[in-house]
Amino acid sequence: MPTSKLSFTLPDAPKHPPTHRIIDLCDYLAVKVLDPMFAQNDVKWNHRFENFFSFDNSCNPLEATGKIRLEVPPMLVGQMGQLEAATKKELARLKIKTAPFAYEGTTRGPAAKPVVVITVTENPTELIEPPEVNMSYTRGRVVLRDLLGYEKTDGRYEFDADDLLKRLAAVTDEKIAACTASPVRDTKSGKGVSRTPSPVSMQAVRRCLEELQRFAQWAKRHNFSRLAAS
């Protein structure tokens, strides 16, 4: 089922798996660290049924830093040194800093169930992701088409960062009011139906414009000129 939310992207940005949130970093490490080790041991693993890298309940998984728990897979208990080294190597490659790894659970014997606790203290990859723009398709038609004057090309809106900032600077409250006005029947004066701006809609549009401005400014600072929404 298609989403009702517009997705704002940077067409020229390099494609990479997200690592700027703890929950995304868990998935990233599972793919980069565990998948190769399972392959070396001729073990097949379905990500949908078991997550060995998971966020600790003490942290916000949507933040860039926090605590990750690595429940060492039973078949890799004898390779903990290699598992830790691979994890540290991947984190170092991303320039992510952590506290010294801590340990929970039993690490020896047939009942070994070790857990490696990884506390992420610095995560510079959060700077790679542009500010989020929350805008529905319906609101997008009002903001991007009616207010800013963009038309879709091949099913998506495309714009230049400089041009977008220029158009945003030209927006006035009068223009916002005109784009958010809807027919309202005036029963008191007898004037019939008139178009009246909605304060709620106007506030929602202002929020969208502010998020668009932050998105375009971020793109310019990082040397991305082409923006898109679909």
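Higher on the page you've got the structure.
Residues numbered from 1 in each chain as written. Predicted model: local features only at pLDDT ≥ 70, side-chain atom pairs only at ≥ 80, totals over all residues. Heavy atoms only, no water.

## Quick look at the pattern of salt bridges
If charged atoms from side chains of opposite charge come close, those side chains can pair. Summed over the entire model, instances satisfying the criterion amount to twelve salt bridges. The salt bridge partner of R226 is D12, with a shortest N-O separation of 2.7 Å. Of this pair, R226 sits in strand β10 (residues 226-229) while D12 sits in the loop between β1 (8-9) and α1 (22-40), placing them 214 residues apart in sequence. Residue R226 is classed as partly exposed on the basis of its relative accessible area of 38%. Here D12 falls in the partly exposed class, since its relative accessible area comes to 41%. Between D163 and R167 there is a salt bridge, with its nearest N and O atoms 2.9 Å apart. On the criterion of helical spacing, the pair formed by D163 and R167 is a turn pair, its members being four residues apart in helix α4 (residues 161-169). If you follow the salt bridges from partner to partner, you end up with D56, R69 and E104 in one network. (Salt bridge = Lys/Arg side-chain N within 4 Å of Asp/Glu carboxyl O. Helix = DSSP H or I, 4+ residues; strand = E, 2+ residues; numbered from the N terminus. Buried < 20%, exposed > 50% of the residue type's maximum accessible area, 1.4 Å probe, protein only.)

## What to know about the environment of P18
Locating P18 in the fold gives a position in the loop between β1 and α1. Counting along the chain gives 108 residues from P18 to E126, while the straight-line C-alpha distance between them is 8.9 Å. Ignoring sequence-local partners within four residues, the contact set of P18 consists of D24, L25 and Y28. (Contact = heavy atoms within 4.5 Å.)

## Regarding the nonpolar core
F8, L144 and L212 are the most contacted members of the largest nonpolar core, which totals 33 residues. Those elements that place two or more of their residues in this core are α3 (137-147), β7 (157-160), α4, α5 (173-180), α6 (199-221) and β10. The leading source of residues in this core is α6, at nine residues. Not counting chain neighbours up to four residues away, the residues in contact with L212 comprise F8, V133, M135, V143, L144, L148, L164 and L168. Formed by 27 residues, the second largest nonpolar core is a distinct cluster that contains I22, F52, F53 and L94. (Core = buried A, V, L, I, M, F, W, Y, C linked by side-chain atoms within 4.5 Å.)

## Focus: the side chain of T19
Relative to the helices and strands, T19 resides in the loop between β1 and α1. Looking at T19, its side chain comes within polar contact range of the side chain of T125, at 3.0 Å. The contact partners of T19, leaving out residues within four places of it in the chain, are D24, L25, Y28, L94, N123 and T125. (Polar contact = N/O pair within 3.5 Å; in protein donor to acceptor, adjacent residues only side chain to side chain.)

## Section: α6
Taking 1.5 Å as the rise per residue, α6 with 23 residues should run 33 Å; its terminal C-alpha atoms sit 33 Å apart, in good agreement. A positive backbone phi angle near 65° is found at N223, which sits one or two residues after α6. (Expected span 1.5 Å × (residues − 1).)

## Re the sheet that holds β1
Taken in spatial order, the three strands make up an open sheet running β1-β10-β7, and their pairing is antiparallel. Lying at the two open borders of the sheet, with one neighbouring strand each, are β1 and β7. Relative to β10, β1 is paired through two bridges, and the arrangement is antiparallel. Bridge pairing in β10 places F8 opposite A229. Helix-sheet contacts for α3 involve β1, β7 and β10, and the interaxial angle to β7 is about 40°. (Pairing = 2+ DSSP bridges. Axes fitted to C-alpha atoms, helices over the stretch in contact; angles between N-to-C directions.)

## A word on the packing of aromatic side chains
Applying the stated criterion across every chain yields a total of four aromatic pairs. Centroid distance F8 to F215: 5.9 Å. Interplanar angle 70°. Geometry classified as edge-to-face. Residue F8 is located in strand β1, and its partner F215 is located in helix α6; the two are separated by 207 residues in the primary sequence. As far as the burial class goes, F8 and F215 line up, both buried. Taking the centre distance of 4.9 Å and the plane angle of 50° together, the rings of Y150 and F159 count as tilted. The burial state of Y150 is the same as that of F159; both residues are buried. Its end group placed over the ring of F101, K88 keeps NZ or CZ at 4.9 Å from the ring centre. The ring of Y150 has R167 sitting right over it, with the charged end atom 4.0 Å from the ring centre. (Phe/Tyr/Trp six-rings, centres within 6.5 Å; stacked < 30°, edge-to-face > 60°. Lys NZ or Arg CZ within 6 Å of the ring centre and 35° of its normal.)

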